[in-house]
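Structural overview
Here is what each chain is made of, one letter per residue.
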Amino acid sequence: MGAPDQPPLGLDLALTAKATARAFDAALTAAGGSRSTWLVLLMLKTGGARNQREVADAVGIQGATLTHHLNAMESSGLVTRRRDPENRRVHVVELTEDGEVLFRRLRGAAATFDRRLRRGLDDDEATAFAATLARLRANVAEE
């Protein structure tokens, strides 16, 4: 445990994560999106996912929750869904031109936010911090 006047590391990390998530959400909202929209668009754009199940797995949400998001995104003209001709139970999800436009706008907002987040850190500090975060994730995954 840290010094008596310092909060436990887990609490400090949780408070930092919450504040960072709120600020990131605000940046994406100002750009016309949301974190869930950004994650879905990012997975589709980078090829990390092609069908609904892959998107849900990549984003880390349940299928029913993803369906809700995709319904809204499809209604807004950001994505299309169609049945996979090779497996009719699978829905292929694709970006529309409007989805591409929003992706680029949210990518810009995410990049600006990342620069804000890294302010005051040099490359070595950012690399060491990323390694520390990876170690913390591994520590909690071990149990």
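Residues numbered from 1 in each chain as written. Predicted model: local features only at pLDDT ≥ 70, side-chain atom pairs only at ≥ 80, totals over all residues. Heavy atoms only, no water.

1. Description of the overall build of the chain
Worth spelling out the cut-off: Helix and strand definitions follow DSSP, with helices as H or I runs of at least four residues and strands as E runs of at least two, each counted in order from the N terminus. Here the globule rule reads 2.2 Å times residues to the power 0.38, and the radius of gyration is calculated from C-alpha atoms. Only protein chains enter the accessibility calculation, which uses a 1.4 Å probe. A residue is then buried if its area is under 20% of the maximum for its type, exposed if over 50%, and partly exposed in between. Residue contacts are defined here by distance: any two heavy atoms, one from each residue, within 4.5 Å place the two residues in contact. Areas reported as accessible are Shrake-Rupley estimates using a 1.4 Å probe. Residue values count occlusion only from the protein chains shown. When charges are tallied, Lys and Arg are placed among the positive residues and Asp and Glu among the negative ones, while His and the ends of the chain are skipped. A single reference atom marks each charge: NZ on Lys, CZ on Arg, CG on Asp, CD on Glu.
Each helix and strand in the chain was counted, giving 6 helices and 2 strands. Its helices and strands in sequence order give the chain the pattern α-α-α-α-β-β-α-α, from N to C terminus. Over its C-alpha trace the chain gives a radius of gyration of 18 Å, far above what one expects of a compact globule, namely 15 Å for 143 residues. In terms of its C-alpha atoms, the chain occupies a principal-axis envelope of roughly 60 × 35 × 25 Å. Counting every position in the chain, which comprises 143 residues, the buried fraction comes to 26%. Sequence separation of 24 or more characterises 48% of the internal contacts of the chain that already satisfy a separation of 6 or more. Accessible surface, the chain: about 9600 Å² in total, of which carbon and sulfur atoms supply 54%. When the 20 basic and 19 acidic side-chain charges of the chain are each reduced to a single mean position, those positions are 7 Å apart.

2. Digging into the pairing of strand β2 (residues 87-95)
Note the threshold: Each pair of strands is called paired provided DSSP finds at least two bridges between the two strands.
Direction of pairing for strand β1 (residues 79-84) relative to β2: antiparallel, over a ladder of 6 bridges. Among the inter-strand pairings, Arg81 is bridged to a residue of β2, identified as Val93. Joining the antiparallel neighbours β1 and β2 is a turn of 2 residues.

3. Describing the environment of Gly77
Secondary-structure assignment places Gly77 in the loop between α4 (63-75) and β1. Discounting residues that sit within four places of it in the chain, Gly77 has contacts with Thr96, Asp98 and Gly99.

4. Let's talk about the packing of aromatic side chains
The following threshold applies: Between 30 and 60 degrees the pair is tilted, below 30 it is stacked and above 60 it is edge-to-face, where a pair is any two Phe, Tyr or Trp rings, Trp via its six-membered ring, whose centres lie within 6.5 Å.
Enumeration over the complete set of coordinates arrives at 2 aromatic pairs. For the ring pair Phe24 and Phe113, a centre distance of 5.1 Å and an interplane angle of 45 degrees mean the geometry is tilted. Of the two residues, Phe24 sits in helix α1 (residues 9-30) while Phe113 sits in helix α5 (residues 97-118), which places them 89 residues apart along the sequence. Per residue, the accessibility class of Phe24 equals that of Phe113, and both read buried.

5. Some thoughts on the pattern of salt bridges
Counted only if it meets this: Salt bridges are defined by distance alone: a side-chain nitrogen of Lys or Arg within 4 Å of a carboxyl oxygen of Asp or Glu.
What the rule picks out here adds up to 8 salt bridges. Residue Glu100 is joined to Lys45 by a salt bridge in which the shortest nitrogen-to-oxygen separation is 2.7 Å. You can see Glu100 sitting in helix α5 and its partner Lys45 sitting in helix α2 (residues 35-45), a full 55 residues away along the chain. With a relative accessible area of 19%, Glu100 lands in the buried category. Of the residues examined, Lys45 reaches a relative accessible area of 39% and is grouped as partly exposed.

6. Quick look at the nonpolar core
So the rule is basically this: Throughout this description, the term nonpolar core refers to a set of buried Ala, Val, Leu, Ile, Met, Phe, Trp, Tyr and Cys residues connected via side-chain atoms within 4.5 Å.
Core analysis: the largest hydrophobic core is formed by 24 residues, its most contacted members being Val40 and Val79. Looking at this core, the elements that each hand over two or more residues are α1, α2, α3 (52-59), α4, β2 and α5. The biggest single contributor to this core is α5, with 6 residues. Among residues more than four places away in sequence, those in contact with Val40 are Val55, Val59, Leu66, Leu70 and Met73.

7. Examining a negative patch on the surface
Put simply, the rule is: Here, patches come from residues exposed beyond 30% relative accessible area and free of salt bridges, joined within 9 Å for like charges and within 5 Å for nonpolar side chains (Val, Leu, Ile, Met, Phe, Trp, Tyr).
On the surface, a cluster of negative charge is made up of Asp122, Asp123, Asp124 and Glu125. The residue Glu125 is located in helix α6 (residues 123-141) in this model. Using a relative accessible area of 39% as the deciding quantity, one classes Glu125 as partly exposed.

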